[in-house]
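Chain by chain, the residues run as shown.
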2 protein chains.
Amino acid sequence: MFLSLFVALKSKATKFFKRAWKTGMDEPKKFIHCLKVGMCLSIVSLFYYTRPLYDGVGGNAMWAVMTVVVVLEYTVGGTLYKGFNRATATLLAGSLGVGIHLLASKSGDRGEPIIRGASVFLIASAATFSRFIPEVKSRFDYGVLIFILTFSLVSVSGYRVDKLFDLAQQRLSTIAIGTSMCIFISILVFPVWAGTDLHRLVIRNMDKLAESLDGCVSTYFDGGIRKSEEEPGKKAQGYKCVLNSKASEESLANLARWEPGHGCFGFSYPWGQYLKIGTAMRHCACCLEALNGCINSDIQAPEFIKKHLSDGCMKLSSHSTDVLKELSNIIKSMEKSSNIDTLLGDMKNQGKPDAAMTNVPLMDILPVVTMASLLIEIAARIENITDTVDDLAAMADFKATKDQSSEKSTLQDEMENMKELQEV
Amino acid sequence: MFLSLFVALKSKATKFFKRAWKTGMDEPKKFIHCLKVGMCLSIVSLFYYTRPLYDGVGGNAMWAVMTVVVVLEYTVGGTLYKGFNRATATLLAGSLGVGIHLLASKSGDRGEPIIRGASVFLIASAATFSRFIPEVKSRFDYGVLIFILTFSLVSVSGYRVDKLFDLAQQRLSTIAIGTSMCIFISILVFPVWAGTDLHRLVIRNMDKLAESLDGCVSTYFDGGIRKSEEEPGKKAQGYKCVLNSKASEESLANLARWEPGHGCFGFSYPWGQYLKIGTAMRHCACCLEALNGCINSDIQAPEFIKKHLSDGCMKLSSHSTDVLKELSNIIKSMEKSSNIDTLLGDMKNQGKPDAAMTNVPLMDILPVVTMASLLIEIAARIENITDTVDDLAAMADFKATKDQSSEKSTLQDEMENMKELQEV
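Quick caveat: nothing in here was measured; it's all calculated off a predicted structure.

Engineer: Honestly, the overall build of chain A in this entry has me stumped. Any pointers?
Structural biologist: Scanning chain A from N- to C-terminus turns up 16 helices and zero strands. Within chain A, the fraction of its 424 residues that count as buried is 52%. A separation of at least 24 residues holds for 83% of the contacts in chain A among residues at least 6 apart in sequence. For chain A, the computed accessible surface area is about 19900 Å², with 61% contributed by carbon and sulfur atoms.

Written out as structure tokens, the structure is:
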């Protein structure tokens, strides 16, 4: 009995460690981050252990250790966010606390507890409330927490004012040491930039969207449903990642705002625009989801109709894929592309299905017609993605590869052509 | 100049406060939570201020204040999660820390700093790594943080072992007092249950999906595009909330797991199933998104074709809406419904479009045919939602309103009918 329990536990533990190991191997940066945390903590511990400058664990060494544990985050942006919030909030709450402490200690035995209690109650309530406001939540949530904490600590302390000043000064300097150490280590030792991660995530999602579109359409037309083959099916599912990456995009963009310029990204790089690109991509991925429903539909169109439409659909999808790939290239290289307008024009020109097709039961052509219609819709949404990427290129001053004014006018001509065609 | 700056600042501040006030009025529970935090902190502060049992702010009062600030969360689940994690992690890390402290203090002057440094390095690195593992992250993230913190604090302390025991005991008891106070207040004073919030969110989203479907289809067929009217358009956008609520559903479900039974929810209520319902709803909302694209398409089908299809589409959409509303009722009342199978049958029967419609340019009928096709796809996805709700009903033992065995068989008959029809 015990033996079987032990074996079961062992197999579970092995599995767990294998998965953990895989996580580490897939992203060695995570491993490095762990070592950074360990290193930083050892340095602080040993520093305070070998040089007991202050009064042991009850005093200030504690604040340095605490700061390192809490402030050193995976990304540089996270560390800066926490460090800035922690330092500023401690300073603000400390000053306010000392002010109210002075006031309270001068207002007699009866007034003192009332002033203390009321100030803690009011300030803690108001600060907690501010955490519900989205703008505060996204940028200063941690700061508000530390503000409440520090303020309560100061007002609960029964110290005389001169001792309080000493204490505040020591504590602030320890927090400053801890914070700056964290910031140095996170920027200098194998830095992980939230901005770079966001940049890569958006590029990867753009590629996945392109592959997915290509995979879906070719699975449907090019040899029917190849459910058995693993490869194209897996690629075709890439849009799901796009649909699910809203939360990570938002948190990365939030942190990226705190980062100084790095690599090819300037200080006020428009990270918010990546969120708009992400939204436009999800918009497009939603259509792909619906398209996927058609592919797996029980109703299959007769072969001859499929053949009839397959050419147009395949072309439209390959043009759309080209546009997506080019967009991904634009973001990757951070250079405007001279090709994109031509590709966009090709896609738009393709986006008009053949005319009259008669005498077929509607039921039969339903999925294939829907497919065509959704592809047109997808092309329209890819145009939206293009617009957001254009905005990014303008905001972030992407280099131009060559003069594009001539091509712009070509595109406008083409767009007008398109409109005329649609009206015909 | 100063005056205009002042006016600008004032208008900004007024706007901010108005928004904050609106937030509070919309959700009075948030106001109450703020008052709870203020109250809890005042009690702890005054308790420790009026009875300076220990040695002031450097000692243990601090831990009670800190515990209250950090542990008292908006939902009961959040408070229990943090409280449990904090208490357990402190206990575990404290024991381990004392053990290593003993070992280090017995290994001589040269061995001591090495053992201390190495243990902090190894344990902090390993614990940080575990935070990257999704299962640990979702349930014990805060606990691991506190574990690292406590362990480092114990090993940085230069105390003798007997003093360390005293300190550990005092600190644990203060944390226990703070935690239990938070838990009591959060459960007894106007509790906000994450589970109830999740339950309501899913019901609200189901209703929004129904309204949205109804709104989209009726906007399209029933009097063309009524872009100018605000009301139906706004309702029709409800699916966007469904698409965007993944993150909140997940965090609520995570917290709900920590909550004891409350209201109509038992202790091991299957909260995870709500996530599956949510995923199925998002699946459906994606199709609605695509459908919305058709509605706003530039290409409009000729009136007579619209009329031709409008009847079937309107019926299908109204049946689908009925199913969604019934599902929302099932979850709301927590009773199985005897109607749902009939409604589902109606929906499925409607889900077959009219046969042959000839001699119309494909381009013209594209949007309306896509609309019909997407409605059929939506109906199929609503079936999936029904399955997930059925599973929830089974897992959570929803009461049955009456014997359903006879209806089940009717449904199965109908399903077989459907299949035959499709094969024809």
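Engineer: Would you mind going over the domain arrangement of chain A with me for this structure?
Structural biologist: Note on interface size: it is often stated as the accessible area lost on association of the parts. Residue and element names in this part refer to chain A. We note that the domain assignment places domain 1 (24–188) and domain 2 (194–411) within chain A. Counting residues at the interface gives twelve residues for domain 1, matched by nine residues for domain 2. Contact between domain 1 and domain 2 buries roughly 860 Å² in total, counting both sides, with carbon and sulfur atoms accounting for 64%. When the buried surface of domain 1 facing domain 2 is broken down by residue, T75, G77 and R139 rank first, second and third, together holding 39% of it. Here domain 1 and domain 2 share one salt bridge between them. A salt bridge links K29 to D197; the nearest nitrogen and oxygen atoms lie 3.6 Å apart.

Engineer: Sorry if this is basic, but what is going on with the UniProt feature "transmembrane region" (unreviewed entry) in chain A here?
Structural biologist: Residues and elements named next belong to chain A. UniProt tags residues 29–49, 61–81, 87–105, 117–134, 140–160 and 172–194 as "transmembrane region" (unreviewed entry). For residues 61–81, the helix share is 81%, the strand share is 0%, and the end-to-end C-alpha distance is 22 Å. Between the first and last C-alpha atoms of residues 87–105 the distance is 26 Å; the span itself is 100% helix and 0% strand.

Engineer: Explain the nonpolar core here, please?
Structural biologist: Buried together is how nonpolar side chains tend to be arranged in soluble globular proteins. Judged by nonpolar contacts, the single largest core of 222 residues is most densely connected at L209 and I385 of chain A together with L209 and I385 of chain B. Non-local contacts of I385 of chain A, meaning those with residues more than four positions away in its chain, are made with M206, L209, A280, M281, C284, L324 and L327 of chain A.

Engineer: What am I meant to see in empty space enclosed by the protein here?
Structural biologist: Which parts of space are left empty comes out when a probe the size of a water molecule is rolled across the atoms. Taken as a whole and assessed by the stated rule, the structure comprises three cavities of 30 Å³ or more. Taken as a whole, the second largest cavity holds about 40 Å³ of empty space. Lining the second largest cavity, in full, are F16, R19, A20 and T23 of chain A together with I133, P134 and E135 of chain B. For the lining of the second largest cavity, the elements supplying multiple residues, two or more each, are α1 (2–26) of chain A together with α6 (134–156) of chain B. For the lining of the second largest cavity, the residue count by class is four nonpolar, one polar and two charged.

Engineer: I would appreciate a short explanation of the packing of aromatic side chains in the present structure.
Structural biologist: Summed over all chains, the structure comprises 20 aromatic pairs over all chains. With 6.0 Å between their ring centres and 35 degrees between their planes, Y269 of chain B and Y274 of chain B make a pair best called tilted. Note on Y274 of chain B: relative accessible area 0%, which makes it buried. Three or more aromatic residues link up through ring pairs in this structure, and these residues are Y81, F84, F140 and W258 of chain A. Note that K82 of chain A overlies the ring of Y142 of chain A, its terminal NZ or CZ placed 4.8 Å from the centroid.

Engineer: Honestly, the pattern of salt bridges in this entry has me stumped. Any pointers?
Structural biologist: Between side chains of opposite charge, a pair can form as their charged atoms come close. The full count for this structure, using the stated rule, is 20 salt bridges over all chains. Among the salt bridges present, the one from E249 of chain A reaches R282 of chain A, with a minimum N-O distance of 3.3 Å. Taken together, the residues span a long stretch of sequence, with E249 of chain A in helix α11 (residues 246–256) and R282 of chain A in helix α12 (residues 271–295) at a distance of 33 residues. Neither E249 of chain A nor R282 of chain A differs from the other in exposure class; each is buried. Between K82 of chain B and E73 of chain B there is a salt bridge, with its nearest N and O atoms 3.3 Å apart.

Engineer: Looking at this structure, I do not really get a nonpolar patch on the surface. What am I missing?
Structural biologist: All names here are of chain A. Together, F2, L5 and L9 make up an exposed nonpolar region whose accessible area comes to about 380 Å². One can find L9 in helix α1. Overall, the relative accessible area of 55% leaves L9 in the exposed class.

Engineer: Even after reading the chapter, I still don't get the packing of α11 of chain A against α12 of chain A, so can you show me in this structure?
Structural biologist: Helices that pack against each other are described as a pair by the angle of their axes relative to one another and the distance between those axes. Residues and elements named next belong to chain A. At their nearest, the axes of α11 and α12 sit 9 Å apart, and the two run at 170 degrees to each other. As the angle between them shows, α11 and α12 are arranged roughly antiparallel. Counted together, K246, E249, E250, A253 and A256 of α11 and W271, Y274, L275, G278 and R282 of α12 form the full contact between these two elements. Residues of the contact of α11 with α12, tallied by class, amount to five nonpolar, one polar and four charged.

Engineer: I'm lost on a negative patch on the surface in this one. Help?
Structural biologist: Residue and element names in this part refer to chain A. On the surface, E211, D214, D322 and D346 cluster together to form a negatively charged patch. Mapped onto the secondary structure, D322 falls in helix α13 (residues 303–333). Take D322: its relative accessible area is 32%, and that puts it in the partly exposed class.

Engineer: For this particular structure, what's the right way to read the confidence of the model for chain A?
Structural biologist: Low-confidence regions, as indicated by low pLDDT, have predicted coordinates that should not be scrutinised in detail. All names here are of chain A. Looking at chain A, the pLDDT average stands at 81 and 83% of residues meet or exceed 70. Long-range and interchain partners of residues 224–229, a stretch whose pLDDT sits below 50, account for nine contacts in this model, where long-range means more than four residues apart. The ipTM, which scores confidence in the relative placement of chains, is 0.83 for this predicted complex, and the corresponding pTM is 0.84.

Engineer: Explanation requested: the environment of L145 of chain B in the structure shown.
Structural biologist: Looking at the element boundaries, L145 of chain B is found in helix α6. For L145 of chain B, a relative accessible area of 16% translates into the label buried. Once the C-alpha coordinates of L145 of chain B and N85 of chain B are considered, the two residues, 60 residues apart in sequence, prove to be 9.4 Å apart. Contacts of L145 of chain B, omitting those with residues within four sequence positions, involve V69 of chain A together with R131 of chain B.

Thresholds applied
Residues numbered from 1 in each chain as written. Chains lettered and ligands numbered in written order. Predicted model: local features only at pLDDT ≥ 70, side-chain atom pairs only at ≥ 80, totals over all residues. Heavy atoms only, no water. Helix = DSSP H or I, 4+ residues; strand = E, 2+ residues; numbered from the N terminus. Buried < 20%, exposed > 50% of the residue type's maximum accessible area, 1.4 Å probe, protein only. Contact = heavy atoms within 4.5 Å. Areas by Shrake-Rupley, 256 points an atom, 1.4 Å probe, with all protein chains shown as cover. Domains from an automatic or database assignment. Buried area = accessible area lost by both parts, 1.4 Å probe. Salt bridge = Lys/Arg side-chain N within 4 Å of Asp/Glu carboxyl O. UniProt positions renumbered as here; feature names shortened; annotations may be inferred. Core = buried A, V, L, I, M, F, W, Y, C linked by side-chain atoms within 4.5 Å. 1 Å grid on protein atoms, 1.4 Å probe; cavity = no way out; pocket = protein on both sides within 12 Å on 5 of 7 lines; lining within 4 Å. Points joined across faces, edges and corners; volume = space filled by probe spheres on them. Nonpolar A, V, L, I, M, F, W, Y, C, P; charged D, E, K, R; others polar. Phe/Tyr/Trp six-rings, centres within 6.5 Å; stacked < 30°, edge-to-face > 60°. Lys NZ or Arg CZ within 6 Å of the ring centre and 35° of its normal. Patch = residues over 30% accessible without salt bridge, like charges linked within 9 Å, V, L, I, M, F, W, Y side chains within 5 Å. Axes fitted to C-alpha atoms, helices over the stretch in contact; angles between N-to-C directions. Parallel < 35°, antiparallel > 145°, perpendicular 65-115°, else oblique. Lys, Arg positive; Asp, Glu negative; His and termini not counted. Charge placed at Lys NZ, Arg CZ, Asp CG, Glu CD. pLDDT = per-residue confidence, 0-100.

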